[in-house]
Amino acid sequence: MSAPDVVSYAPGKIILVGEHAVVYGARAIALPIKTGIRVAIAKLPDEKSGQGPIIRGVGPFLMGEFSQGPKSPKILREALSYLVEAFGMPMLDLAIVVDGTLPPGRGLGSSASLSVALIRGIFRYFSKSLLKDELKKHALALETIFHGQPSGIDHSVVIEEQVIGFRRSDFGPQIWPITPIPELKFVVGIVGPHDGTKNAVRELAERRKRHVSLYDGIFLGLDEIAQNMEEALKSGQIAKVGELMGIAQGYLNALSLSTPEIERLCTIAKRTGALGAKLTGAGGGGAVIALIEGDGIDLQRAFLEAGFQSFITEVFEAKERRTDG
Ligand code: PMV
């Protein structure tokens, strides 16, 4: 590929409270993280013109070359077809390099980050201005390919680039910024990939059918945690945020979304001095987020001794607040 004509970047995300409950109307809080995905777009060399778009993954997030051809995974073929349909024949001349350290399938917003970086990059490449609503529309379409029926929290926080409260309603999602927020630092412990958000949401719906009022009571509890956490964030009470994360984890465990590995990492995190720890995203695997004070090195070492990789991340701060997409 020749030198990229444009590059774009989108952060990953973590959900502090409200995953799954958000599907049933509870409030959730999500934040963008510094670890994210970069996309570089250039014209394919002349001999390959018309054979694109070709995606080349060069980081641990995505490795290898993918096209609309039958050898590529179905989900990527569908995403590329969507882009060709949405942006027309000029897409067939594009080479797209995807680079990033965000591990996929861990509830860290890798597909939302990829979707948003791709759309921003494509608009930039074709020198078109991008309105936020347009970005949301395309990102939701790609997320629907990747996830089935997403609540929209993932791509919303990735697009907003700030800590948000999120709630589904009959009139569409309500999204509000949560500010000011204290400095927050996390050790993210990586558990095995989860079984897909789509499956996790479907299986939870099946379990709920057997205990509707109990499950709805838990969703109400998680909604209350989200309200309390919003206040704790705004007033800089980090220890309380950690405590609330722990209570949320208890509820997530009760919803059968936790695993022995997740529980183990949460225990290690608490024993090593983390303020709080919980799973994030779909659950059943994925990642554990531990809110820490200090540099987090001891906790990373403890995770590693238990056989788990981890990384340290913080809230992504946009250089300037975007007024467009
Ligand atoms: O895709 P994940 O692992 O970030 O999970 C998204 C959060 C869920 O509440 C489980 C699903 C949704 O669409 O909100």
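See the structure printed just above.
Definitions and limits used
- Residues numbered from 1 in each chain as written.
- Predicted model: local features only at pLDDT ≥ 70, side-chain atom pairs only at ≥ 80, totals over all residues.
- Heavy atoms only, no water.
- Helix = DSSP H or I, 4+ residues; strand = E, 2+ residues; numbered from the N terminus.
- Buried < 20%, exposed > 50% of the residue type's maximum accessible area, 1.4 Å probe, protein only.
- Pairing = 2+ DSSP bridges.
- Expected span 1.5 Å × (residues − 1).
- Arc of directions from axis to C-beta.
- Contact = heavy atoms within 4.5 Å.
- Near = heavy atom within 4 Å.
- Polar contact = N/O pair within 3.5 Å; in protein donor to acceptor, adjacent residues only side chain to side chain.
- Areas by Shrake-Rupley, 256 points an atom, 1.4 Å probe, with all protein chains shown as cover.
- Nonpolar A, V, L, I, M, F, W, Y, C, P; charged D, E, K, R; others polar.
- Salt bridge = Lys/Arg side-chain N within 4 Å of Asp/Glu carboxyl O.
- Phe/Tyr/Trp six-rings, centres within 6.5 Å; stacked < 30°, edge-to-face > 60°.

Draft legend 1. Fine view of unusual backbone geometry. A cis amide bond links Gly52 to the next residue, Pro53, at an omega of -5°. Turning to its location among the elements, Pro53 is positioned in the loop between strand E2 (28–43) and strand E3 (54–59). The omega torsion of the bond from Thr179 to Pro180 falls at -5°, within 30 degrees of zero and hence cis. For Pro180, the location among the structural elements is in the loop between strand E7 (174–177) and strand E8 (185–190). One non-glycine residue, His20, lies in the positive phi region at around 70°.

Draft legend 2. Quick look at the pairing of E8. Summarising burial for E8: 5 of the 6 residues are buried, a large majority. Note: E8 against strand E10 (residues 287–292), 6 bridges, orientation antiparallel. Residue Val187 lies in a different strand from E10, and its bridge partner there is Ala290. Bridge count for E8 against strand E11 (residues 310–314) is 5 bridges, and the pairing is antiparallel. Within E11, the residue paired with Phe186 across the bridge is Thr313.

Draft legend 3. Representation of helix H7 (residues 238–254). In this model, H7 (17 residues) spans 25 Å end to end at C-alpha, consistent with the 24 Å of a helix rising 1.5 Å per residue. Considered for burial, the residues of H7 that qualify are Val241, Gly242, Leu244, Met245, Ala248, Gln249 and Leu252. Down the axis of H7, the buried set is contained in an arc of 160°. They therefore lie on one face. Those residues of H7 hidden inside the fold are in contact with strand E1 (6–17), helix H6 (212–234), helix H8 (260–271), strand E9 (276–280) and E10.

Draft legend 4. Structural context of the site of the ligand. Taken together, 16 residues sit near the ligand, with Lys13, His20, Ser151, Thr197 and Ala282 positioned nearest. Within the contact set of the ligand, an oxygen atom lies 2.5 Å away from a side-chain nitrogen or oxygen of Ser151. Contact with the protein chains hides 97% of the accessible area of the ligand, taken as 380 Å² for the molecule alone. Elements supplying a minimum of two residues to the shell around the ligand: E1, helix H4 (153–160) and helix H5 (197–210). Partitioning the shell around the ligand into residue classes produces 6 nonpolar, 7 polar and 3 charged.

Draft legend 5. View of the pattern of salt bridges. Enumeration according to the criterion identifies 12 salt bridges in this entry. Residue Lys278 pairs with Glu19 through a salt bridge whose shortest N-O separation is 2.9 Å. Of the two residues, Lys278 is situated in strand E9 and Glu19 in the loop between E1 and E2; the sequence distance between them amounts to 259 residues. The class for Lys278 is buried, based on a relative accessible area of 0%. A salt bridge links Arg120 to Glu161; the shortest N-O distance between them is 3.6 Å. Placement of the pair is Arg120 in helix H2 (residues 110–125) and Glu161 in the loop between H4 and strand E6 (164–167), with a sequence separation of 41 residues. Taken as a pair, Arg120 and Glu161 share a single burial class, namely buried. Via salt bridges that share partners, Lys132, Lys136 and Glu160 belong to a single interconnected network.

Draft legend 6. Broad picture of the environment of Thr267. Locating Thr267 in the fold gives a position in helix H8. With 66 residues separating them in the primary sequence, Thr267 and Val201 have C-alpha atoms 25 Å apart.

Draft legend 7. Representation of the packing of aromatic side chains in the model. All chains considered together, the criterion is met by 5 aromatic pairs. Each ring, one from Tyr9 and one from Phe316, has its centre 6.0 Å from the other, and the planes form 35°; the classification is tilted. Of this pair, Tyr9 sits in strand E1 while Phe316 sits in the segment after E11; the two residues are 307 residues apart in sequence, bridging distant segments of the chain. Pairing Tyr215 with Phe219 gives two aromatic rings, centres 6.5 Å apart and planes at 80°, and the pair type is edge-to-face. Residue Tyr215 and its partner Phe219 are both found in helix H6; the two are separated by 4 residues, about one turn of the helix. We classify Tyr215 as buried; its relative accessible area is 8%. Among the aromatic residues, those joined into a cluster by ring pairs are Tyr24, Tyr215 and Phe219.

These values are about where atoms sit, not about what they do.
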